[in-house]
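Read off the chains here:
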Amino acid sequence: MALGFCPALLTNIDAVAESDSPTKKLHVAGFLAALFCCQNSAVNPINQGVDGAHLRPLTVKYRQRPTVSQVQTQDDCDINRIPAYAEWTAPSVAHMQSSFFLDDNTIQHYCRDASILRPIGVPPTQVMQEVYGLVLETANVVMKAINQALVTQMATAFGANTTTGSTFGKVLNISSAANQYNLSNGIIDMMRDFQENELCGDPCIIGGGLFAAYNMAQAATCCNQAGMDISKIGVPRFFFDKDTQSIWGQNSIGVLAPGSVKFIGRNKYQGAFAGQRGNSFFTTFALPVNEFGCNLDDCLGQLVFDLQLRYIDCPGTYTVNDVNTPLQRGWEVIISKEFALWVQPTNAYAYGDPLYNTNGTLKYFVSNTGYTGGSYTSPYS
């Protein structure tokens, strides 16, 4: 430059802020992560309704277990019951998508590394580095929207707690005196609920607020004056999720027994419906969690998106966010996901069964003194 000044150096915020860069922060989606990691949704038999992008109606049959009232003491030939199946039909899937456009002229003004090609998807296709970075950002926000939708659906799907007979959240007071441990309230009470509700396997807990603080405190917890090492209670794995606090209620948590809730995912661009078609390339890709630098959760890597790469090869006027906008040649990228939520039916147990109206899910509100939290709200209302 003139007068001997050095030209300005250009760097990326990712290099400066590292893992705290806004584009490198993976959205927190604890409920969705739990559906994969705790509920094993990736190998979900319900997903058999989707076969290579083809759709088939899918029904889950179930039969109520007999009750004690159907057992008799008389030795005769009376018939106590006629077993019959009930059915649950997979619902229509919801759809989430987000898209962006990047014109060739913009890329040509960036540094050369912006146009470096790299593969993405199954089947793989080549995209420019700048496009790949935008794909990550967009997939991240679509994943967040999916999590919010699932948390909202779950808000009204919790089963009854046999200790209260209600589907409304039970209050847990996790405080205790210095020289005793409360056996009728708090964490011990929750663990006892697992017994009373006959939860099998290792449940998982999703939520935030005071329970998130309690979960952190467990790492430094040892013996109280009553001689109890509280850290050895064996509280189930906890998944932090901020959406639960605005939707389920302040200081709320949900407990899910394995198999009680499943994520149903459908991918449209597979098999014969993938690859090059006209001006678009259709593929699928798993959320590349390791490309992010913050809030990493390997469980979310099991979420697979649909991806459409559409090249606009002729300048013209196109609709952008409902506004007619002139565009030059470039790439339109659409990231989408079709999904649904399966929750074990609450009529799986007959009236008179100790588990009547339960479904392997429990809801709680956590207090450290007295509960003053909120109630269910929806971000879509």
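Values in this document were obtained by computation on a predicted structure and should not be read as measured data. (Residues numbered from 1 in each chain as written. Predicted model: local features only at pLDDT ≥ 70, side-chain atom pairs only at ≥ 80, totals over all residues. Heavy atoms only, no water.)

Here the focus is helix H6 (residues 209-217). Every buried residue belonging to H6 is among Phe211, Ala212 and Tyr214, and all of these are buried. The buried residues of H6 occupy an angular sector of 160 degrees when projected down its axis, which confines them to one face. Residues of H6 that are buried sit in contact with helix H5 (186-196), strand E9 (204-207), strand E10 (237-240), strand E11 (252-256) and strand E19 (361-367). (Buried < 20%, exposed > 50% of the residue type's maximum accessible area, 1.4 Å probe, protein only. Helix = DSSP H or I, 4+ residues; strand = E, 2+ residues; numbered from the N terminus. Arc of directions from axis to C-beta. Contact = heavy atoms within 4.5 Å.)

Quick look at unusual backbone geometry now. A cis amide bond, omega 5 degrees, links Val122 with the succeeding residue Pro123. With respect to the element layout, Pro123 can be found in the loop between strand E6 (117-120) and strand E7 (125-128). Even without being glycine, Glu198 reaches a positive phi, approximately 55 degrees. Position of Glu198 relative to the elements: it lies in the loop between H5 and E9. Phi at Asn357 is positive, roughly 75 degrees, even though this residue is not glycine. For Asn357, the position within the fold is in the loop between strand E18 (330-343) and E19.

The geometry of helix H2 (residues 30-37) relative to helix H4 (residues 129-155) is characterised by a closest axis approach of 8 Å and an angle of 80 degrees between their N-to-C directions. As far as their axial angle goes, H4 and H2 are roughly perpendicular. Seen from H2, the contacting residues are Gly30, Phe31, Leu32 and Leu35; seen from H4, they are Met143, Ile146, Asn147, Leu150, Val151 and Met154. (Axes fitted to C-alpha atoms, helices over the stretch in contact; angles between N-to-C directions. Parallel < 35°, antiparallel > 145°, perpendicular 65-115°, else oblique.)

The subject of this paragraph is the pattern of salt bridges. Side-chain pairing between opposite charges can occur once the charged atoms of the two side chains come close. Enumeration over the complete set of coordinates arrives at nine salt bridges. Ionic pairing is found between Asp353 and Arg65, a salt bridge with its closest N-O pair at 2.7 Å. One end of the pair, Asp353, is in the loop between E18 and E19; the other, Arg65, is in the loop between strand E3 (59-62) and strand E4 (86-89), with 288 residues separating them in the sequence. We classify Arg65 as partly exposed; its relative accessible area is 32%. One salt bridge connects Asp189 with Lys170, and the closest N-O pair in it is separated by 3.1 Å. Remark: Lys170 occurs in strand E8 (residues 170-173) and Asp189 occurs in helix H5; sequence separation between them is 19 residues. Of the two residues, Asp189 and Lys170, neither departs from the other in class, the shared state being buried. One salt-bridge network, held together by shared partners, links Arg65, Glu198 and Asp353. (Salt bridge = Lys/Arg side-chain N within 4 Å of Asp/Glu carboxyl O.)

A complete count under the given rule lists 10 aromatic pairs for this structure. Between Phe31 and Trp248, the ring centres sit 5.9 Å apart and the planes meet at 85 degrees, which makes this aromatic pair edge-to-face. Of this pair, Phe31 sits in helix H2 while Trp248 sits in the loop between helix H7 (243-247) and E11, placing them 217 residues apart in sequence. Between Phe158 and Trp248 the ring centres are 5.1 Å apart and the planes differ by 80 degrees, which places this aromatic pair in the edge-to-face class. Here Phe158 is found in the loop between H4 and E8, whereas its partner Trp248 is found in the loop between H7 and E11, with 90 residues between them in sequence. Its guanidinium or amino end placed over the ring of Tyr85, Lys61 lies 4.4 Å from that ring's centre, counting from NZ or CZ. In this structure, Arg63 is placed above the aromatic ring of Tyr85, and the distance from its NZ or CZ to the ring centre is 4.8 Å. (Phe/Tyr/Trp six-rings, centres within 6.5 Å; stacked < 30°, edge-to-face > 60°. Lys NZ or Arg CZ within 6 Å of the ring centre and 35° of its normal.)

This next bit is on the state of the cysteines. Under the defined criterion, the tally for this structure stands at two disulfides. The disulfide partner of Cys38 is Cys204, and the S-S distance across this bridge is 2.2 Å. Measuring handedness by torsion sign, the sulfur bridge of Cys38 and Cys204 sits at about -100 degrees and is left-handed. Of the two residues, Cys38 is situated in the loop between H2 and strand E1 (50-51) and Cys204 in strand E9; the sequence distance between them amounts to 166 residues. (Disulfide = S-S within 2.5 Å.)

Three- or four-residue spacings in an α-helix give side chains the same orientation, since the helix completes a turn every 3.6 residues. Buried within H5 we find Gly186, Ile187, Ile188, Asp189, Met190, Asp193 and Phe194. Residues of H5 that are buried make contact with E8, E9, H6, E11 and E19. Of the residues flanking the end of H5, it is Glu198, one or two places downstream, whose phi is positive at about 55 degrees.

The subject of this paragraph is the nonpolar core. Residues Phe31, Leu32, Met154 and Phe305 are the most contacted members of the largest nonpolar core, which totals 55 residues. Counting residues per element, this core draws most heavily on H4, at 13 residues. Among residues more than four places away in sequence, those in contact with Met154 are Phe31, Trp248, Leu256, Val261, Leu341, Val343 and Thr361. The next biggest cluster of nonpolar side chains, apart from the first, holds 17 residues, and it includes Ile174, Leu199, Ala212 and Tyr214. (Core = buried A, V, L, I, M, F, W, Y, C linked by side-chain atoms within 4.5 Å.)

Bringing the sheet that holds E10 into the picture now. Strand order in the open sheet formed by five strands is E8-E19-E11-E9-E10, with mixed pairing between adjacent strands. Each end of this open sheet is capped by a strand with a single partner; those strands are E8 and E10. Pairwise comparison of adjacent strand axes, ignoring direction, gives a mean angle of 30 degrees for this sheet. Where E11 lies against E19, five bridges are found, and the strand directions are antiparallel. By the bridge assignment, Gly254 is partnered in E19 with Lys363. Each of E8, E9, E11 and E19 is contacted by H5, which is oriented at about 135 degrees to E8, the strand it contacts most. Running at roughly 130 degrees to E10, H6 makes contact with E9, E10, E11 and E19 of the sheet. (Pairing = 2+ DSSP bridges.)

Counting buried residues in E11 gives five out of five residues, a clear majority hidden from the surface. Residues Ser252, Gly254 and Leu256 of E11 are buried on one face, and the alternating residues Ile253 and Val255, pointing to the opposite face, are buried as well. As judged from the four bridges shared by E9 and E11, these two strands associate in the antiparallel manner. Bridging across to E11, Gly207 finds its partner in Ile253.

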